[in-house]
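Now for the letters of each chain:
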Amino acid sequence: MQLTRRLGTIALATGLCAATASRCAADEMLDTQTLGSLFRSFTDSGHVTVQSLMNDWAFPFAGQAALSLHWNNEHVTIPAIAAAPGSAEAVDAITTASRPITTNAFQDYVKVRNEIQGELTREHAAVDYYLSSETDYLAQQVGAKTSRDFHDQRLNVAVGTSYGWDAIKPLADADTRTGSSGKTTVHADAVATQILSPTTVLRWGLEVFLVDGLQHNPYRNVYAGGTHVPERHPDHRQRRDTFLKLNQYLSNRSSLKFSYRLYNDNWGITSHELGTSVNQYVTHGLVASYEYRYYTQTRASFYRSEYLTTSGIDGYLSGDYRMNELASHLFGASVQMDMKALAPGHRLLSRTGLWLNWERYFNSNNYSANILETGVDIHFQ
Amino acid sequence: MTPRDAARCGRFALALAALAALLTLGTGCAAQAYRREHLADPIMSFKAQAKLDARKMKSFEAREGSTGGTGGAGGGCACN
């Protein structure tokens, strides 16, 4: 909690400094900065709500360098357990908890997460730092990437790497037996973007993640061998994926986008993701987009809907449905408005973009969610 | 590394080589610089989509067993 307060103070100070700096240098910097603000609301069939307010600020330095800052303040509400204390329903709800269970398990649980990210870019290289903080979880990450053009800028190849380290300190809980722990993630990627024709561009990427440390929910218990035992996942996970994205421009001022991703890890999960979207200029400055995504995965080798003994499978037990077979669908629609089309002469509006995005997600575990995003971007260019 | 893991790595490397070949062959018919106005349109941009993709990846990671697809590590916790 103290960390969250400290982060809030740092973020506030950063924001004030940014505002002051931009105000002082307004005459020089007004034509080069970008400001963006986004509100995101997430609600799901389990009545979990997440409300996020994100702010982005980017400005260039002399010598082709640029700095971008991102801050996200997020409020997560996990509902109270809706069953009478002591009933079988309440026990089931508690054993699959994604929240600490204390004496007030029958009240809503609210937590706050702050996320700060800074990226410094210069020509074709960038370094970044990421920090995410909540009461029981602190994540940090440093990364670097670079890219290079080939064949008269028809082919771009980018490579990147990052290292993340997380500190996990589960809160006091009626039945949590997991102490403080940590997790590290080493990541590397290579992405190639190729222009195939004046209206077609292809992107292909390859990613590898090596994760070590605590990777299960410290608050969750699993029903096994007639009793409840703490969830336990392997400490090491190798994750890799490759993806293809194809964007095609059409003659009626629209574009079609296709994507495919193949994922595999050493826990036994293999997944396929197919996505497509249509983006259409409805009128000057107004773009409407429609999206569909299909996803399917196999289950982890140690996942079972029921465990006969407390030792599970090879010593591992999971109550996490993400480890099971599943399929999901997502439908989305969005509109983006460039205010320049409405007020070309206005000093502020002509630099402003507004957008609204809605998504409906549902999967084979009877889980569904609605995601609503609305945002504003101001480009001082 | 088990034989099964080795086979998976082999398939991955094969996919890498095949796609590299595809990209190399594709350069022959690529657009000249002066014919790229459609490719620069915001509705064709990968970059304009990047932030949205990163937010989506974070949401999907919390509800599905896989990750990736954006060309960068997500970071943060998987709690929500």
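A.B. asks: Teacher, can you tell me more about the overall build of chain B here?
C.D. replies: A tally of helices and strands in chain B yields two helices and zero strands. For chain B, the proportion of its 80 residues judged to be buried stands at 45%. For chain B, the exposed area adds up to about 4,200 Å²; of that, 64% sits on carbon and sulfur atoms.

A.B. asks: Help me out: how do you make sense of the overall build of chain A in this one?
C.D. replies: Looking only at helices and strands, chain A features three helices and 18 strands. Of all 381 residues assigned to chain A, the portion counted as buried reaches 44%. Once local pairs closer than 6 in sequence are excluded, the contacts in chain A between residues at least 24 apart make up 55%. Here chain A displays about 18,700 Å² of accessible surface, and carbon together with sulfur accounts for 60% of that area.

A.B. asks: How should I be thinking about the side chain of S197 of chain A in this particular structure?
C.D. replies: With respect to the element layout, S197 of chain A can be found in strand β8 (residues 181–197). Engagement of the side chain of S197 of chain A in a polar contact is seen with the side chain of T200 of chain A, the distance being 3.0 Å.

A.B. asks: Can you help me understand the packing of aromatic side chains in this one?
C.D. replies: For any pair of aromatic rings, the description consists of the separation of the ring centres together with the inter-plane angle of the planes. For the coordinates displayed, the defined rule picks out 10 aromatic pairs over all chains. Here a set of aromatic residues connected by ring pairs shows up, and it is made of Y321, Y361 and Y367 of chain A together with F60 of chain B. The ring of F243 of chain A is capped by K245 of chain A, whose NZ or CZ atom sits 5.3 Å from the centre of that ring. One Lys or Arg, R293 of chain A, reaches over the ring of F60 of chain B and ends 3.6 Å from the middle of that ring.

A.B. asks: Looking at this model, I keep getting lost on the interface of chain A and chain B. Mind explaining?
C.D. replies: Taken together, the contacts link 82 residues of chain A with 52 residues of chain B. Note on chain A versus chain B: buried area summed over both sides is about 5,600 Å², and carbon and sulfur give 59% of it. Broken down residue by residue, the surface that chain A buries against chain B is led by P198, W204 and R322 of chain A, which jointly contribute 12%. Summed over the shared surface of chain A and chain B, the number is five salt bridges.

A.B. asks: Which parts of the structure should I look at to understand the pattern of salt bridges?
C.D. replies: Working definition: two side chains of opposite charge can pair if their charged atoms are close together. As enumerated under the stated definition, the model contains 17 salt bridges over all chains in all. Across the pair K183 of chain A and D166 of chain A runs a salt bridge whose closest N-O atoms are separated by 4.0 Å. Of the two residues, K183 of chain A is situated in strand β8 and D166 of chain A in strand β7 (residues 155–168); the sequence distance between them amounts to 17 residues. Taken individually, K183 of chain A and D166 of chain A each receive the classification buried, so the pair is uniform in this respect. One salt bridge connects E64 of chain B with R293 of chain A, and the closest N-O pair in it is separated by 2.9 Å. Of this pair, E64 of chain B sits in the segment after α2 (47–61) while R293 of chain A sits in strand β15 (residues 286–297), placing the two residues on different chains. Of the two residues, E64 of chain B and R293 of chain A, both sit in the buried class.

A.B. asks: What am I meant to see in α2 of chain B here?
C.D. replies: Because an α-helix completes one turn every 3.6 residues, residues spaced three or four positions apart along the sequence face the same direction. For α2 of chain B, spanning 15 residues, the distance from its first C-alpha to its last is 21 Å, which sits close to the expected 21 Å at 1.5 Å a residue. Looking only at α2 of chain B, the buried set comprises L52, D53, R55, K56, M57, K58, S59, F60 and E61 of chain B.

A.B. asks: Could you clarify how one ought to interpret the nonpolar core in this entry?
C.D. replies: When a protein is soluble and globular, its nonpolar side chains tend to lie buried together. Counting 12 residues, the largest nonpolar core consists of F42, V48, V50, V76, I78, Y109, L330, Y361, Y367, A369 and I371 of chain A together with F60 of chain B. Looking at this core, the elements that each hand over two or more residues are β3 (65–78) and β18 (367–379) of chain A. Sort the elements by how many residues they give to this core and β18 of chain A lands first, with three residues. Beyond its immediate stretch of four places on either side in the chain, I371 of chain A contacts R40, S41, F42, N357, W358 and E359 of chain A. With nine residues, the next largest nonpolar core counts Y281 and V287 of chain A together with M44 and F46 of chain B among its residues.

A.B. asks: Explanation requested: the pairing of β7 of chain A in the structure shown.
C.D. replies: The side chains of a regular strand alternate between the sheet's two faces. Residues and elements named next belong to chain A. Looking at chain direction, strand β6 (residues 137–150) and β7 are connected through 14 bridges and run antiparallel. If you follow L138 over to β7, its bridge partner there is A167. In sequence, β6 turns back onto β7 through a hairpin of four residues, with H151 there showing a positive phi of about 50 degrees. Here 14 bridges tie β7 to β8, and the two strands are oriented antiparallel to one another. Counterpart to V159 in the pairing with β8 is A190.

A.B. asks: Sorry, what's going on with the confidence of the model for chain A here?
C.D. replies: Detailed conclusions should not be drawn from predicted coordinates in areas where pLDDT is low. Mean pLDDT over chain A works out to 84, with 83% of the residues at or above the 70 mark. The low-confidence segment residues 1–30 of chain A (pLDDT under 50) makes 23 contacts with residues lying over four places distant or belonging to another chain.

A.B. asks: Please explain a nonpolar patch on the surface as it appears in this structure.
C.D. replies: All names here are of chain A. On the surface, a nonpolar cluster with roughly 530 Å² of combined accessible area is contributed by Y129, V142, Y163, W165, V186, V208 and L210. Put simply, the parts of the chain that give the nonpolar patch at least two residues each are β7 and β9 (200–213). As for its placement among the helices and strands, W165 is situated in strand β7. Relative accessible area serves as the criterion here: at 31%, W165 is assigned to the partly exposed category.

A.B. asks: Please clarify how the environment of L171 of chain A should be interpreted in this entry.
C.D. replies: If you trace the backbone, L171 of chain A turns up in the loop between β7 and β8. It is 28 Å that separates the C-alpha atoms of L171 of chain A and Q238 of chain A, two residues lying 67 residues apart in sequence.

A.B. asks: So what exactly am I meant to see when it comes to the environment of S132 of chain A here?
C.D. replies: Residues and elements named next belong to chain A. The residue S132 is located in strand β5 (residues 125–134) in this model. Under the relative-accessibility criterion, S132 is labelled buried at 0%. Sequence spacing of S132 and L356 is 224 residues, and the spatial spacing of their C-alpha atoms is 26 Å. Among the polar contacts listed, one links the side chain of S132 to the side chain of R113, at a separation of 2.7 Å.

A.B. asks: I would appreciate a short explanation of the confidence of the model for chain B in the present structure.
C.D. replies: Residues and elements named next belong to chain B. When the pLDDT values of chain B are averaged, the result is 66; 44% of them are 70 or greater. Counting contacts from residues 73–80, a segment whose pLDDT is below 50, to residues more than four positions away or on other chains yields 31 contacts. Scored by ipTM, the complex comes to 0.78, with pTM at 0.82.

Basis of the calculations
- Residues numbered from 1 in each chain as written.
- Chains lettered and ligands numbered in written order.
- Predicted model: local features only at pLDDT ≥ 70, side-chain atom pairs only at ≥ 80, totals over all residues.
- Heavy atoms only, no water.
- Helix = DSSP H or I, 4+ residues; strand = E, 2+ residues; numbered from the N terminus.
- Buried < 20%, exposed > 50% of the residue type's maximum accessible area, 1.4 Å probe, protein only.
- Areas by Shrake-Rupley, 256 points an atom, 1.4 Å probe, with all protein chains shown as cover.
- Contact = heavy atoms within 4.5 Å.
- Polar contact = N/O pair within 3.5 Å; in protein donor to acceptor, adjacent residues only side chain to side chain.
- Phe/Tyr/Trp six-rings, centres within 6.5 Å; stacked < 30°, edge-to-face > 60°.
- Lys NZ or Arg CZ within 6 Å of the ring centre and 35° of its normal.
- Buried area = accessible area lost by both parts, 1.4 Å probe.
- Salt bridge = Lys/Arg side-chain N within 4 Å of Asp/Glu carboxyl O.
- Expected span 1.5 Å × (residues − 1).
- Core = buried A, V, L, I, M, F, W, Y, C linked by side-chain atoms within 4.5 Å.
- Pairing = 2+ DSSP bridges.
- pLDDT = per-residue confidence, 0-100.
- Patch = residues over 30% accessible without salt bridge, like charges linked within 9 Å, V, L, I, M, F, W, Y side chains within 5 Å.

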